[in-house]
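Take a look at the letters that make up each chain.
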Amino acid sequence: MGQAPSSTAESNGREIDLRLISPVIIERRESMDRDYTGDLPNECLAHVFQYLGAGDRKRCSLVCKRWLFVDGQNRHRLSLDARDEISPFLPSMFDRFDSVTKLALRCDRKSVSLSDEALVVISVRCLNLTRVKLRGCREITDLGMVEFAKNCRNLKKLSVGSCNFGARGVNAMLENCKVLEELSVKRLRGIHEAPEVIVSSDSLRSVCLKELVNGQVFEPLVANTKTLKTLKIIRCLGDWDKVLKTVGEGDSSLSEIHLERLQVSDFGLSSVSKCSKVETLHIVKTPECSNYGLIDVAERCKMLRKLHIDGWRTNRIGDEGLIAVAKHCLNLQELVLIGVNATHMSLAAIASNCEKLERLALCGSLTIGDTEIACIAKKCGALRKFCIKGCPVSDLGIEALAVGCPNLVKLKVRKCKVVTGEIGDWLRERRRTLVVCMDGDGSEATVAVDGDGEVETVVGEPRVGQAGGGVPEVVSGNGGGSRLAMIRSKFGFLGGRNLVTCTFRRWSHNDNGSTSSST
Amino acid sequence: MDQNLVDLTEKLSLSSNKIVLTSSDGDSFEIHEAVARKSQTIAEMLDAGCTGTIPLHNVTGKILDRVIDYCITHVKEDGPFEEEEEAEEKEAKKKWDAEFVKVDLETIFELILAANYLNIKGLIGLTSQAVADHIKDKTPEDVREIFGIENDFTPEEEEAVRNEHAWAFEDSK
């Protein structure tokens, strides 16, 4: 029933319009005798389209010529199936879509992609492109990219994957697109044989190189671009120490560096340490890096705020390097350790010295156990988010978090085999403002401390501790935790947290959900 | 909700300025200035020195009535009381908004026009979303029927557009 409208209608002494109260709409043909959208100016219609996805917009553009026009004029994002057969449709398509600023051209592996000519046809009609993604456009050569570059000078972001052009094409983009800020290159096959190197840029802020052979041709770009802030080199073949050496020797303003699955040694890490402005460093699965390299980084990168290390369980990075981090990296806010066998020796030092440490993730370590958790709990005053995954931690360690880490707001415990669900509930009771996510809580997505080493917030609703008294809240069953949730709601209003806790503890000894109630 | 409105109007009487808006068909509405300022158009008029009565030639009384309801309900947003909003209030507003757009399409279009003319951002969004919801997942034929639109494509033209569309991915938004 319509609320405010009808009541106001009454108070103004006007007749209540029955149409206002009826639930509405579509079935009643009689009122749709003319095109009401005709009253709307194009900008309003365009605004409506903004709330529609690409599929719906396609259907809208088939409604009538005006809708076709408005949709086309206001399409800023377009993603096309970039097969060669698309070529005859391109002129009319881009006559209509003349406002596209973000364009993706994707061609699957089995098809022949569009050609240089087609790319040029697009580029002359899309002079305002700011972002372009090319995927699998294997027929595009350096020549096509050169022409493309000359037309699309306003490009800010370019992402290229599985294409066959080479250094000449990349250089053309860098030379012509004077405001290019982000460049991402993955599997660019044309650079394999190239003697040509990639020139530096005056505008680039972020470079990401993935799965390249002979990616070292990017050395002048990454070493000499003064504006470069972010550098990511992931799964590229060959030795990278030399490139990093050149990077380190320049007056680098890099603030973020990711090195993953690369042939990089302590020599390279030591060069990285010369980038004194580095705030974020990811060292992932680089088995030639050891404590020595990490010590160099710790000593020189005073501004380090985020450090992710995936030691790949090779045991080359451990307490020694981390103690150096504890000693020197006093600005550290975020630390992620995956496959690193750290012990309480270094973790205690980090917890004590890194007074700004807010986010900590410890994953896949053989040595991180209850002692380590306890000393973190005791000493890590600023910690807000803590994730423990696949470590030999037990309930005892989790218990320590009931009193430690006074600023903790979120705790995630995953795949720690001997940690029980009950300790999670126990902890929630003890700390009302702490969000606790454990295995078997139900709807959450996987913890994202993965290859990328990102500490991310959980998807789905974790349960916060409920009061013993007050209104019992039935948490909707989402699988594992639902039995406990239902039980909590039943006993909630009987008061006495102790009753609830004891009940949980007793039931934890029963194997399958025997529902005998406590007496 | 009504008690909240009373509380709110009491709170708002801190700024005791009242503005009178008149509709195209002669209805008058007296509202607090803070409510009126939800409309960027009116806010600009007020800043430019308009006082007292503001005539709105493009909006009928019936629609203006509803627009004002919206503004009163949402006056707390980006205002001095914004921080006080709790999750419960936000939920209540969402429900109110959902009811607000449960009207016939003709009214929704009139609301869009009014919201556009008065430049009330939240209302533009709410009503645009409501219209979009009617369009979602419908075929072009259905949409024409709902909105009373004539198909002015020739079969060849329509075919040409459909051919183009075959090349555009659904997932781009």
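Refer to the preceding data block for the structure.
Computed from a prediction, not measured in an experiment: that's the story for all the values here.

Draft legend 1. A look at the environment of Asp439 of chain A. Residues and elements named next belong to chain A. Its place among the elements puts Asp439 in the loop between strand E15 (435-438) and helix H19 (482-492). Look at Asp439 and you get partly exposed, because its relative accessible area is 40%. Between the alpha carbons of Asp439 and Ser255 there is a distance of 36 Å; along the sequence they are 184 residues apart. Leaving out residues up to four positions away in the same chain, Asp439 has contacts with Val413, Arg414, Lys415 and Cys416. A polar contact of 2.5 Å, which involves the side chain of Asp439, links it to the backbone nitrogen of Lys415.

Draft legend 2. Structural detail: the sheet that holds strand E2 (residues 28-32) of chain B. All names here are of chain B. Across the sheet, which stays open at both edges, the three strands sit in the order E2-E1-E3 with mixed pairing between neighbours. Across the chains shown, the open sheet's two edge strands, defined by having one partner strand only, are E2 and strand E3 (53-55). When the angles between neighbouring strand axes are averaged without regard to direction, this sheet yields 25°. Of the strand pairs in this sheet, strand E1 (residues 18-22) and E3 are connected by three bridges, and their pairing is parallel. Paired with Val20 across the two strands is Thr53, which belongs to E3.

Draft legend 3. Highlighting unusual backbone geometry. All names here are of chain A. For Asn214, which is not glycine, the phi torsion reads 65° and is therefore positive. With respect to the helices and strands, Asn214 occurs in the loop between strand E6 (206-210) and helix H10 (219-224). Look at Arg261: it is not a glycine, yet its phi comes out positive at around 50°. Within the secondary structure layout, Arg261 lies in the loop between strand E8 (256-260) and helix H12 (266-272).

Draft legend 4. Spotlight on the packing of helix H13 (residues 291-300) of chain A against helix H14 (residues 319-328) of chain A. Residues and elements named next belong to chain A. In contact at an axis separation of 8 Å, H13 and H14 are set at 5° when each is read in the N-to-C sense. Between H13 and H14, the crossing angle belongs to the class labelled roughly parallel. Only Glu320, Gly321, Leu322, Ala324, Val325 and His328 of H14 make contact with H13, whose side of the interface consists of Asn291, Leu294, Ile295, Ala298 and Glu299. Of the residues contributing to the contact of H13 with H14, the split by class is six nonpolar, three polar and two charged.

Draft legend 5. The arrangement of the interface of chain B and chain A in detail. Between chain B and chain A, the residue contacts involve 56 residues of the former and 60 residues of the latter. In total, chain B and chain A occlude about 5,500 Å² of area from one another, counting both sides; carbon and sulfur atoms represent 63% of this. The interface formed by chain B and chain A holds two salt bridges in total. A salt bridge links Lys65 of chain A to Glu157 of chain B; the shortest N-O distance between them is 3.1 Å. Linking chain B with chain A are 15 residue pairs in polar contact (both at pLDDT 80 or more). Residue assignment for the side of chain B that touches chain A shows that the elements contributing at least two residues are helix H4 (61-73), helix H5 (87-100), helix H6 (105-118), helix H7 (121-135), helix H8 (140-147) and helix H9 (155-165) of chain B. Per-element accounting of the side of chain B that touches chain A gives the leading share, eight residues, to H7 of chain B. Residue classes in the side of chain B that touches chain A are distributed as 21 nonpolar, twelve polar and 23 charged.

Each value, and the rule that gives it
Residues numbered from 1 in each chain as written. Chains lettered and ligands numbered in written order. Predicted model: local features only at pLDDT ≥ 70, side-chain atom pairs only at ≥ 80, totals over all residues. Heavy atoms only, no water. Helix = DSSP H or I, 4+ residues; strand = E, 2+ residues; numbered from the N terminus. Buried < 20%, exposed > 50% of the residue type's maximum accessible area, 1.4 Å probe, protein only. Contact = heavy atoms within 4.5 Å. Polar contact = N/O pair within 3.5 Å; in protein donor to acceptor, adjacent residues only side chain to side chain. Pairing = 2+ DSSP bridges. Axes fitted to C-alpha atoms, helices over the stretch in contact; angles between N-to-C directions. Parallel < 35°, antiparallel > 145°, perpendicular 65-115°, else oblique. Nonpolar A, V, L, I, M, F, W, Y, C, P; charged D, E, K, R; others polar. Buried area = accessible area lost by both parts, 1.4 Å probe. Salt bridge = Lys/Arg side-chain N within 4 Å of Asp/Glu carboxyl O.

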